[in-house]
Amino acid sequence: GLEGSDVVICVGADSPGRPQSRLEEALAALRGGGAEAVLGPTEDGGYDILGLRCCPEGLLAELPWSQPTTFEATLGRFEERGMKVTVLDRWWDVDEIEDLHRLQALLQGAGARRAPATAAVFGRLKLSALLGPPPRPSRKPQFRTVAEVRPDSRGLNLLVRCVSKVTVQPSKVGPALLD
């Protein structure tokens, strides 16, 4: 705890393969960067890293744990208390089957070196065989710029025209988006 150290960093166990640089950034912010707290947000609204230099009584009390608002509520609490907070880039954690597929893909590459124990468990339990191959990424159009937003002729819906990085077939998108 904080009685025996100048900083404490807690990490979520459901984020294997987290880059070492993420932890190093948190430690540097707490030790030399002037931060009193560090939060590493995850894509689902929580966080995988919580670092503190001090923990006043009640700091973490009655927060909405395991909710899509956990990160925002915690950040708000820290700011209400006047703490200087460093927020890391977003990462991800394993909560759903899609996350297991993402982890599987990570462990097949360089991530196996970052999470050797997790890779070993995947192998022993033959999870890759149970999961099958990771799903292929969908070919959703990636839009750069919204070119136009206007109401439709009846004023009931908005029509949005975007400039895309990929070619989209009108029959697959629907005429309303291309008007």
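To be clear, the structure that these remarks concern was listed above.
Per chain, residue numbering runs from 1 following the sequence as it is written. Side-chain atom pairs in this predicted model are given and counted only at pLDDT of 80 or more, local residue features only at pLDDT of at least 70, and totals for whole chains, interfaces and linings cover all residues. Think of the side-chain values as coming from all heavy atoms in the structure, minus any hydrogens and water.

Before going further, it helps to spend a moment on the pairing of strand 3 (residues 47-52). For strand 3, the tally of buried residues reaches six of six residues, placing the bulk of the element in the interior. Here, a strand pair is defined by DSSP locating no fewer than two bridges between the strands. Strands are runs of DSSP state E lasting at least two residues, helices are runs of H or I lasting at least four, and both sets are numbered from the N terminus onward. As defined by bridge partners, strand 1 (residues 8-11) adjoins strand 3 across four bridges and the pair is classed as antiparallel. Pairing of Val8 across the sheet is with Leu52, part of strand 3. Here strand 2 (residues 37-41) pairs with strand 3 via five bridges, running antiparallel. Bridge pairing in strand 3 links Leu39 to Leu50. Remark: exposure states derive from per-residue accessible area (1.4 Å probe, protein chains only) relative to the maximum for the residue type, with buried under 20%, exposed over 50%, and partly exposed in between.

A word on the sheet that holds strand 1. Ordered by their spatial adjacency, four strands build an open sheet running 1-3-2-4, and the pairing between neighbours is mixed. Each edge of the open sheet is held by one strand with a lone partner, namely strand 1 and strand 4 (85-87). The average angle at which neighbouring strand axes cross in this sheet is 15 degrees, direction not considered. Every angle, taken between N-to-C directions, lies between 0 and 180 degrees, and every axis is a line fitted to C-alpha atoms, over only the stretch in contact when it is a helix.

With that settled, the discussion passes to a negative patch on the surface. Taken together, the side chains of Asp44, Asp95, Glu96 and Glu98 make up a negatively charged region of the molecular surface. Looking at where Glu98 falls in the secondary structure, it is placed in helix 3 (residues 97-107). On the accessibility criterion, Glu98 (54% relative accessible area) is exposed. Patches here are clusters of residues that have more than 30% relative accessible area and form no salt bridge, with a 9 Å joining cutoff for like charges and a 5 Å cutoff for nonpolar side chains (Val, Leu, Ile, Met, Phe, Trp, Tyr). Each accessible area is a Shrake-Rupley estimate made with a 1.4 Å probe; only the visible protein chains count as cover when residues are assessed. In the sections that follow, a salt bridge refers to a side-chain nitrogen of Lys or Arg positioned within 4 Å of a carboxyl oxygen of Asp or Glu. Just so you know, the count uses Lys and Arg for positive and Asp and Glu for negative, and it drops His and the chain ends. Here the site of a charge means atom NZ of a Lys, CZ of an Arg, CG of an Asp or CD of a Glu.

The subject of this paragraph is the nonpolar core. Counting 10 residues, the largest nonpolar core consists of Ala37, Leu39, Tyr47, Leu50, Leu52, Leu59, Phe71, Leu75, Phe78 and Met83. Breaking this core down by element, the ones donating at least two residues are strand 2, strand 3 and helix 2 (70-80). Every residue pair with non-hydrogen atoms within 4.5 Å of one another is taken to be in contact. With near-sequence residues (within four places) excluded, Leu52 lies in contact with Leu2, Asp6, Val7, Val8, Leu30, Glu36, Ala37, Leu59, Phe78 and Met83. Grouped together as the second largest cluster of nonpolar side chains are nine residues, Trp92, Ala115, Phe122 and Leu131 included. In plain words, nonpolar cores are sets of buried Ala, Val, Leu, Ile, Met, Phe, Trp, Tyr and Cys residues tied together by side-chain atoms within 4.5 Å.

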